[in-house]
Amino acid sequence: VEAVAQQPRHILLVVIDDLGWDDLGFRNDGQIKTPNFDALASGGVILDNYYVQPSCSPTRATIMTGRKPVSTGINFWIPNAAYGLPLHETTVAQLLNARGFQ
């Protein structure tokens, strides 16, 4: 038996601001036509129990690290400033890259 090297699966994370719960076809019985999202949903994993922060900076830091804002120190919106995610934080992208994702 010849072993076949498996390619890593593709990961697509879609974050949409101000999207209502029933604004996608797979949730509203086709009242709103979203065929591309419907196809993605039928062949993937739907995350439908989650929380976001009240501003973008903590949400982005959480998505990037998988850690709560209190753990990263990004608790509020970061305006145009010269600081951000601490350099010692490991990101999900770094972990995936180490496992063969590009």
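Residues numbered from 1 in each chain as written. Predicted model: local features only at pLDDT ≥ 70, side-chain atom pairs only at ≥ 80, totals over all residues. Heavy atoms only, no water.

With respect to the overall build of the chain
The condition is simple: Numbering of helices and strands runs from the N terminus; a helix is a DSSP stretch of H or I covering at least four residues, while a strand is a stretch of E covering at least two. Put simply, the radius of gyration uses C-alpha atoms, and a globule should come to 2.2 Å times the residue count raised to 0.38. Partly exposed residues are those whose accessible area sits between 20% and 50% of the maximum for their type, while under 20% is buried and over 50% is exposed, using a 1.4 Å probe and protein chains only.
Each helix and strand counted, the chain has four helices and zero strands in total. Across the chain, helices and strands are ordered from the amino to the carboxyl terminus as α-α-α-α. Over its C-alpha trace the chain gives a radius of gyration of 18 Å, far above what one expects of a compact globule, namely 13 Å for 102 residues. With respect to the principal axes defined by its C-alpha atoms, the chain has extents near 50 × 45 × 20 Å. Within the chain, the proportion of its 102 residues that are buried is 16%.

Section: helix H2 (residues 56–65)
Each α-helix winds once per 3.6 residues, and so residues spaced three or four apart point in a common direction. Rules: Residues are treated as being in contact if the distance between any of their heavy atoms lies within 4.5 Å.
Residues of H2 that are buried: Ser57, Pro58, Thr59, Ala61 and Thr65. Along its buried surface, H2 packs onto helix H3 (69–72) and helix H4 (92–98). With its phi angle positive at about 75°, Gly66 sits one or two positions after the end of H2.

Some thoughts on the pattern of salt bridges
For the record, the criterion: Salt bridges, as used here, are contacts in which a Lys or Arg side-chain nitrogen is within 4 Å of a carboxyl oxygen on Asp or Glu.
Applying the stated criterion across every chain yields a total of one salt bridge. The residue Arg67 makes a salt bridge to Glu89 at a minimum N-O spacing of 3.5 Å. Here Glu89 lies in the loop between H3 and H4 and Arg67 lies in the loop between H2 and H3, a separation of 22 residues in the sequence.

Looking at the packing of aromatic side chains
Ring pairs (aromatic) are described by centroid distance and by the angle formed between their planes. Operational definition: Planes of paired rings set the category: under 30 degrees apart is stacked, over 60 is edge-to-face and the rest tilted, where pairs are Phe, Tyr or Trp rings (Trp by its six-membered ring) whose centres lie within 6.5 Å. Geometrically, a charge over a ring is one whose NZ (Lys) or CZ (Arg) sits within 6 Å of the ring centre while staying within 35 degrees of the ring normal.
Summed over all chains, the structure comprises zero aromatic pairs. The ring of Trp21 has Arg27 lying over it, and the distance from NZ or CZ to the ring centre is 3.8 Å.

Concerning the environment of Ser57
Definition in use: Pairing of N or O atoms within 3.5 Å defines a polar contact, subject to two protein rules: one partner must be a possible hydrogen donor and the other a possible acceptor, and residues neighboring in sequence count only if both atoms are side-chain atoms.
With respect to the helices and strands, Ser57 occurs in helix H2. Taking the C-alpha atoms as reference points, Ser57 and Leu85, 28 residues apart in sequence, are found 9.3 Å from one another. With residues near it in sequence (within four places) discarded, Ser57 still touches Ile74, Phe76, Trp77 and Ile78. Reaching out from Ser57, the side chain makes a polar contact with the backbone nitrogen of Ile78 at a distance of 2.8 Å.

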